[in-house]
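Next come the chains, spelled out residue by residue.
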Amino acid sequence: WNALAQATRSSLSLMGQAADLVWALPVRGFRTDRSLGALKAMGTRAAGYLARLGPPLLAERLGLPAVGSSGPPGLSFDNITVKQFRDAQEPDRACYKALVRSRMGVERINRSGLLGDANLLRGDTSGGYTLRVHRYGSQPIIQSLGIEVTRSEELGDGTAVSVLKPVFPFWNDVDLYYGAGELVCSRIYTHGAPGSNGWVDAQPPADTAPQAADSTPSPELGFEPQPAGAAPAGPALECAGDYNTALGAATQPVAGPFDFPDVTLQVYPLLAERAQLDAFVERTLNEPLRDAGVDFETMGSYAYLLVNSIGDQTGTMWSSANNIGWWASREVSFCVPVRWYRTDAATGQRELISVALVAPFVYASSGRAVITDREVNGRPSVKATIESPQDVWLEASGPVNPRQYLRLATEVFPALGLGQQAEERTLLRIDGADVLRYDDSVGWRLVGERWGQQLVGELVRKHQLHEDQASEVAAARALALELLAHGAPINSLVLKQYRAGDDVGKACYQALVRTQRSIERIYDMREIEERVHVRLHRYPGHPIAQTLGLQVKSVDSAGGEVVQNLQPLHPFWMRISVREELGEVVAVRRHDGGWECPHPWLQRTGPSSFGYGTPDPGRGAAAPDAEAKQPYFQTPGATRVGMQEAVGPQRLREQQQLALRASLASSLQGLTEALAALPPDDIQTLQQALGERQATLLAEARQQAGAGSFASWADAQPVPALLALERALMQAGLSWSPADPSQSRLTHAEARQAIEGLGEVQLVVESILGAEWENWGNPRWNRRLPTRPEPCLPAHSLQGGNEALRDCAPPSVDSGHDGLTMAEYSDGSQAWVYLERQAIKPAQTPPGGS
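## Brief notes about the overall build of the protein
Step number 1: Of regular secondary structure, the protein possesses 20 helices and 29 strands.
Step number 2: Look at the contacts in the protein between residues 6 or more apart in sequence, and 71% of them connect residues 24 or more apart.
Step number 3: A total accessible area of about 42300 Å² is found for the protein, and carbon and sulfur atoms account for 53% of it.

Listed below in structure tokens is the structure:
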């Protein structure tokens, strides 16, 4: 009886609340002018809405428009969202922020009802349902929304749980309609450009009909310009673009700089069509950035498959700005090396400023890593399952079966335009199997006629390049020590862009972002000499081979899938420690479609032939921040490496630091002696032009040189300070020539000339691998074998080895024409095929005797 009485009281109370909601009677204390006529009109309008949402037969009997007629749904809701993305250079700010309106409508209600009917009849407004929300700092749901908590609990692991009781839970089976997004207003953060950070109203005035706006083309996405009738951008705000953190800790950025103490990097060079690579760079970078003052060109005929695996044996990854713990694990990317130029808009003249990697396809195993890459740096990362399959060593087939090294699976569409659902399928595999069975003589002949001849033709091409560009290859090999031994950054460039909500074929934001990774330490570096093949499954949404023009060794077709088999040439792996800096915005598009270039390398700061990156004349030749504004190949003075240095196979960093210090000590002593020969007025003028730190260091150097203790003084100084002083003195006009060629270093001008003339970057990679730099597992001096010839290719590329490849050679090579013949070299574990130049003896001694 008590339960029945309680249920009756609760039911009457609920009916009373419903009556108040509908009638709002003054006797109950409500102030309203609601009348019977108004209530009737409200009821008629509500009935009409419900009739349109109900079965078509009901709408037809009531004389209402049928479902699917023109116009918006009878019941719709406007969703207003703040669309924003973090800036790569300043993650606490938003590079793009917009207010977007989208409509969600209910076209028809099929079924509907309350949850927990029996409990509701007993007066329980929750229907007997309970919600339990686990409380975490990164998901502040309760705190952000101010939800009323019924009670709190605590789990055994110490996690707090909030218990919530819903009010009148219900369910609906409806047909929904989603409208396209509509931009209300937006602003773009362009790093200080005047008038670029204000809000731009994207809604035309009420008395103005909307007009179609022109679009600026881009490789895949256009750019959404300022619509016709839009208000001009407001004045620049001091804090314009700050990221909206109203959602709480869940929106905190995973921002760098990042340190990865233990990274295993595998590199698989894949032969590609040069024309296809050129077309890719032109389409994805040069065309959209035509008016930004930059230009790019490829550096060879190879694309590089990179596999990153982050470990924790020598230290755990961490962030200097926001250390949230372990958030990245494995990554697979396809990269193309490019030369990076800046161009003069008036004359079209170009200057080489640096080299970089462009990665059009990136796959990561961590969802947080994908979000960070996409939102902050703008890389086109895709979530994937990256795993190493179980080893075949103990399987029934035994150890003779080829090993499986890597499998990558991601969400793909088997076919486009056919209504098929997305599925997770294998996209890429790396294994040690060959492309055909050994007894398939017909198949091997076909592979030899295509891939074998192509492989030998590539060997001939690289051999000729190696002879024609011997000096460029040697200089580039020396410059590699800047990356491997001196921690020079490796640039990565990406066109950061986001699709517009109202037109997904256009971009609401575009920017060129540069990120830098530096090798802090090399633990080991070796070539992968075993047979390795990359199996690339072809899907419409992942056109990797087609986009990059990758050369396919053979094609398999099974189970409705096409698999392209690729053979990497001279793959290798490194175990390294890496540091990644915050990204830098090189160029960004304004609302009107034009480009702003906030990066110092592209700013017009002083008089020069290009007007880029040159310090003002009044600041002096060696202003403290002048070096920071200079690109690597436009920096005056010498680099940190020399071509005459003897590089041992191990301890690259220690060797190079000692060699650099010795060269700097000799150079500064010679420059100090040259300075002493100048008139006193010239010496005083030079000291005044130097920065305070360099002037103090120069005074110490002159004093120590006079006392005869210059060498010991130089050994006690930091190498960066000595390098900056040398650069300042040489930029001021002093010169010095070393007596010992081993102490001579490449100048930046010589380095620029070598990189611009280098026709194939893969030649440098193969040269370093042949010398076995930093190979701790198999030192060359213990093998007692000469350095492997350059260039070469593995003999196991075809069944039959050297003899099979010899059959693929063109007649001019196979017959020894021009003194070239194919030869074989074996180091005890691997056979290599290369081209050997033979001495051609004349038939008789010519007149003159020589």
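## A look at the side chain of Asp-295
Step number 1: Counting through the fold element by element, Asp-295 comes out in strand E11 (residues 294-298).
Step number 2: With a relative accessible area of 16%, Asp-295 lands in the buried category.
Step number 3: A polar side-chain atom of Asp-295 sits 3.4 Å from a polar atom in the side chain of Asn-286.

## Concerning the sheet that holds strand E5 (residues 160-164)
Step number 1: The strand order E3-E5-E4 describes an open sheet built from 3 strands, whose pairing is antiparallel. For this open sheet the edge positions go to strand E3 (131-134) and strand E4 (151-154), each flanked by a neighbour on one side alone. Averaged over all adjacent pairs, the angle separating strand axes in this sheet is 30 degrees, with direction ignored.
Step number 2: Relative to E5, E3 is paired through 4 bridges, and the arrangement is antiparallel. Looking at the pairing, Leu-131 lines up with Leu-164 of E5.

## Remarks on the packing of helix H11 (residues 652-676) against helix H15 (residues 719-731)
Step number 1: Contact pair H11 / H15: the axes reach a minimum separation of 10 Å and the direction vectors enclose 40 degrees. With respect to H15, the element H11 is oriented oblique. Every pair of crossing elements has a handedness; the one defined by H11 and H15 is left-handed. Together, Gln-657, Leu-660, Arg-661, Leu-664, Ser-667, Leu-668 and Leu-671 of H11 and Val-719, Leu-722, Leu-723, Leu-725, Glu-726, Leu-729 and Met-730 of H15 make up the contact between the two elements.
Step number 2: Of the residues that constitute the contact of H11 with H15, the class distribution is 10 nonpolar, 2 polar and 2 charged.

## Some details on unusual backbone geometry
Step number 1: For His-570, which is not glycine, the phi dihedral falls at a positive 60 degrees.
Step number 2: With respect to the element layout, His-570 can be found in the loop between strand E23 (561-566) and strand E24 (572-580).

## Focus: the pairing of strand E16 (residues 381-387)
Step number 1: Direction of pairing for strand E15 (residues 350-364) relative to E16: parallel, over a ladder of 3 bridges. Following the sheet pairing, Ala-364 is matched in E16 by Lys-383.
Step number 2: Sheet topology note: the E16/strand E17 (residues 404-412) ladder contains 4 bridges and is antiparallel. What sits directly across from Glu-387, in E17, is Arg-407.

## A word on the packing of helix H12 (residues 680-689) against helix H13 (residues 692-707)
Step number 1: Viewed as axis vectors pointing N to C, H12 and H13 meet at an angle of 140 degrees, and their least axial separation amounts to 9 Å. Accordingly, the angle class assigned to the pair H12 and H13 is oblique. Contacts between H12 and H13 pair Ile-683, Leu-686 and Gln-687 from the former with Ala-695, Leu-698 and Arg-702 from the latter.
Step number 2: Split by residue class, the contact of H12 with H13 holds 4 nonpolar, 1 polar and 1 charged.

## A short note on helix H6 (residues 274-286)
Step number 1: Turning to H6, its buried residues are Leu-277, Phe-280, Val-281, Thr-284, Leu-285 and Asn-286. Down the axis, H6 shows its buried residues gathered within 160 degrees of arc, on one side only.

## Structural notes on the pattern of salt bridges
Step number 1: Overall, the coordinates contain 35 salt bridges when judged by the stated rule.
Step number 2: With its nearest N and O atoms 2.8 Å apart, the salt bridge here joins Arg-579 to Glu-581.
Step number 3: Here Arg-590 ties to Glu-596 by a salt bridge, and the two come within 3.1 Å at their closest N and O atoms.
Step number 4: Exposure remark for Arg-590: the relative accessible area of 24% places this residue in the partly exposed category.

## With respect to the confidence of the model for the protein
Step number 1: Within the protein, residue pLDDT values average 80, and 79% of them lie at 70 or more.
Step number 2: Every residue in residues 208-240 is under pLDDT 50, and counting partners more than four places away or in other chains gives 79 contacts.
Step number 3: Below pLDDT 50 for its whole length, residues 605-628 participates in 50 contacts with residues either more than four positions away or in separate chains.

## A word on the pairing of strand E25 (residues 584-589)
Step number 1: Along E25, 5 of the 6 residues are buried, which leaves the element largely enclosed by surrounding structure.
Step number 2: Note: strand E20 (residues 506-527) against E25, 4 bridges, orientation antiparallel. Within E25, the residue paired with Arg-514 across the bridge is Glu-584.
Step number 3: Once E25 ends, the chain turns through 5 residues before running back antiparallel as strand E26 (residues 595-596), passing Gly-593 with a positive phi of about 95 degrees.

## Quick notes on a nonpolar patch on the surface
Step number 1: A contiguous nonpolar surface patch, about 400 Å² in accessible area, is contributed by Leu-114, Val-167, Phe-168 and Phe-170.
Step number 2: With respect to the helices, strands and loops of the structure, Phe-170 is situated in strand E6 (residues 170-178).
Step number 3: Phe-170 sits in the exposed class, given a relative accessible area of 54%.

## What about the packing of aromatic side chains?
One pair of aromatic rings is described through two measures. These are the centre distance and the angle between the planes.
Step number 1: A full pass over the atoms with the stated rule returns 8 aromatic pairs.
Step number 2: Aromatic pair Phe-85 and Tyr-498: ring centres 3.6 Å apart, planes at 5 degrees, arrangement stacked. Taken together, the positions of Phe-85 in strand E1 (residues 75-86) and Tyr-498 in strand E19 (residues 490-499) put the pair 413 residues apart, joining distant regions of the chain.
Step number 3: For Phe-85, a relative accessible area of 16% gives the class buried.
Step number 4: An angle of 50 degrees between the planes, with centres 5.5 Å apart, marks the rings of Phe-710 and Trp-713 as tilted. Separated by 3 residues within a single helix, Phe-710 and Trp-713 lie in helix H14 (residues 710-716), roughly one turn from each other. Both residues of the pair, Phe-710 and Trp-713, count as buried.
Step number 5: Every member of this aromatic cluster is reached through a ring pair, and the members are Phe-85, Tyr-96, Tyr-498 and Tyr-509.
Step number 6: If you follow Arg-350 out to its NZ or CZ, it ends over the ring of Tyr-341, 3.9 Å from the centre.
Step number 7: Seen from the ring of Tyr-523, Arg-575 lies directly overhead, with NZ or CZ sitting 5.9 Å from the centre.

## Notes on the nonpolar core
In globular proteins that are soluble, nonpolar side chains generally tend to be buried together.
Step number 1: Leu-484, Met-574, Ile-576, Trp-773, Leu-798 and Leu-805 are the most contacted members of the largest nonpolar core, which totals 73 residues.
Step number 2: Ignoring sequence-local partners within four residues, the contact set of Leu-798 consists of Trp-444, Val-447, Gly-448, Trp-451, Gly-452, Ala-804, Leu-805 and Cys-808.
Step number 3: Judged by nonpolar contacts, the second largest core, of 50 residues, contains Leu-289, Ile-353, Val-586 and Leu-602.

## Description of the side chain of Gln-469
Step number 1: With respect to the helices and strands, the residue Gln-469 is situated in the loop between helix H8 (441-468) and helix H9 (470-484).
Step number 2: Aside from chain neighbours lying at most four places away, what touches Gln-469 is Gly-757, Leu-758, Gly-759 and Glu-760.

## Details of the environment of Lys-165
Step number 1: Mapped onto the secondary structure, Lys-165 falls in the loop between E5 and E6.
Step number 2: For Lys-165, a relative accessible area of 34% translates into the label partly exposed.
Step number 3: The spatial distance from the C-alpha of Lys-165 to the C-alpha of Tyr-129 is 6.7 Å, given a sequence separation of 36 residues.
Step number 4: Once residues lying within four places of it in the same chain are set aside, the contact partners of Lys-165 are Ser-126, Gly-128, Tyr-129, Thr-130 and Thr-150.
Step number 5: A distance of 3.2 Å separates a polar atom in the side chain of Lys-165 from the backbone oxygen of Tyr-129.
Step number 6: A polar contact is formed between the side chain of Lys-165 and the side chain of Thr-130, at a distance of 3.1 Å.

## Notes on H11
Step number 1: With 25 residues, H11 should reach 36 Å at 1.5 Å per residue; the first-to-last C-alpha distance of 36 Å fits that figure.
Step number 2: The set of residues buried in H11 consists of Leu-652, Gln-656, Leu-660, Ser-663, Leu-664, Ala-665, Ser-667, Leu-668, Gly-670, Leu-671, Thr-672 and Leu-675.
Step number 3: On its buried side, H11 packs onto H9, H12, H13, H14 and H15.

The rules behind these values
Residues numbered from 1 in each chain as written. Predicted model: local features only at pLDDT ≥ 70, side-chain atom pairs only at ≥ 80, totals over all residues. Heavy atoms only, no water. Helix = DSSP H or I, 4+ residues; strand = E, 2+ residues; numbered from the N terminus. Contact = heavy atoms within 4.5 Å. Areas by Shrake-Rupley, 256 points an atom, 1.4 Å probe, with all protein chains shown as cover. Buried < 20%, exposed > 50% of the residue type's maximum accessible area, 1.4 Å probe, protein only. Polar contact = N/O pair within 3.5 Å; in protein donor to acceptor, adjacent residues only side chain to side chain. Pairing = 2+ DSSP bridges. Axes fitted to C-alpha atoms, helices over the stretch in contact; angles between N-to-C directions. Parallel < 35°, antiparallel > 145°, perpendicular 65-115°, else oblique. Left-handed = near helix turned anticlockwise from the far one by under 90°. Nonpolar A, V, L, I, M, F, W, Y, C, P; charged D, E, K, R; others polar. Arc of directions from axis to C-beta. Salt bridge = Lys/Arg side-chain N within 4 Å of Asp/Glu carboxyl O. pLDDT = per-residue confidence, 0-100. Patch = residues over 30% accessible without salt bridge, like charges linked within 9 Å, V, L, I, M, F, W, Y side chains within 5 Å. Phe/Tyr/Trp six-rings, centres within 6.5 Å; stacked < 30°, edge-to-face > 60°. Lys NZ or Arg CZ within 6 Å of the ring centre and 35° of its normal. Core = buried A, V, L, I, M, F, W, Y, C linked by side-chain atoms within 4.5 Å. Expected span 1.5 Å × (residues − 1).

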